[in-house]
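Architecture and fold: a report
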Amino acid sequence: MVKVTVLGAAGGIGQPLSLLLRLNSKVTELSLYDIVNAHGITADLSHVPNSNQTLKGYEPLKDRQDVSQLQRSLTDSDVVIIPAGIPRKPGMTRDDLFKVNGSIVRVGCL
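Below or above, wherever it landed, is the structure these notes cover. This structure is a prediction, so every number in the text was calculated from the model and none was measured.

What follows concerns the sheet that holds strand E4 (residues 79–81). The strand order across the open sheet built from four strands is E3-E2-E1-E4, with neighbouring strands paired in parallel fashion. This sheet does not close on itself; its edge strands, each paired only once, are strand E3 (54–58) and E4. Pairwise comparison of adjacent strand axes, ignoring direction, gives a mean angle of 15 degrees for this sheet. By the bridge criterion, three bridges tie strand E1 (residues 3–7) to E4 in an arrangement that is parallel. Bridge pairing in E4 places Thr-5 opposite Val-80. Helix-sheet contacts for helix H2 (residues 38–45) involve strand E2 (29–33) and E3, and the interaxial angle to E3 is about 160 degrees.

Further remarks concern the environment of Asn-37. One can find Asn-37 in the loop between E2 and H2. Apart from the residues lying within four places of it in its own chain, the contact partners of Asn-37 are Ala-10 and Glu-59.

This part is about the pattern of salt bridges. Counting across every chain of the model gives one salt bridge. Residues Glu-29 and Lys-3 are paired through a salt bridge, measuring 3.9 Å at the closest nitrogen-oxygen approach. Here Lys-3 lies in strand E1 and Glu-29 lies in strand E2, a separation of 26 residues in the sequence.

About the thresholds
- Residues numbered from 1 in each chain as written.
- Predicted model: local features only at pLDDT ≥ 70, side-chain atom pairs only at ≥ 80, totals over all residues.
- Heavy atoms only, no water.
- Pairing = 2+ DSSP bridges.
- Helix = DSSP H or I, 4+ residues; strand = E, 2+ residues; numbered from the N terminus.
- Axes fitted to C-alpha atoms, helices over the stretch in contact; angles between N-to-C directions.
- Contact = heavy atoms within 4.5 Å.
- Salt bridge = Lys/Arg side-chain N within 4 Å of Asp/Glu carboxyl O.

Structure, rendered in structure tokens:
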């Protein structure tokens, strides 16, 4: 039994990644977390046929500082994938991008 959690599941990378994980027969539980739209992605992926996975979506309950749902999504996870972040913008160095995305990961790991 393998539980995989995707933090940033509603983003441009998180959505197709979650679909691929949904199709993977080695994943027995798929936990999707994002600050918005995680429940919609979960509903979409629930229509994938021939999947025996447990599928759960999580979003903050009150505001983006609420970490209770994040903690629930991570409980008993074997693998955690974090595609959350922002794309590199014109004029932004890789160091700048790393600082911004690093802070996103840090908040996700509280």
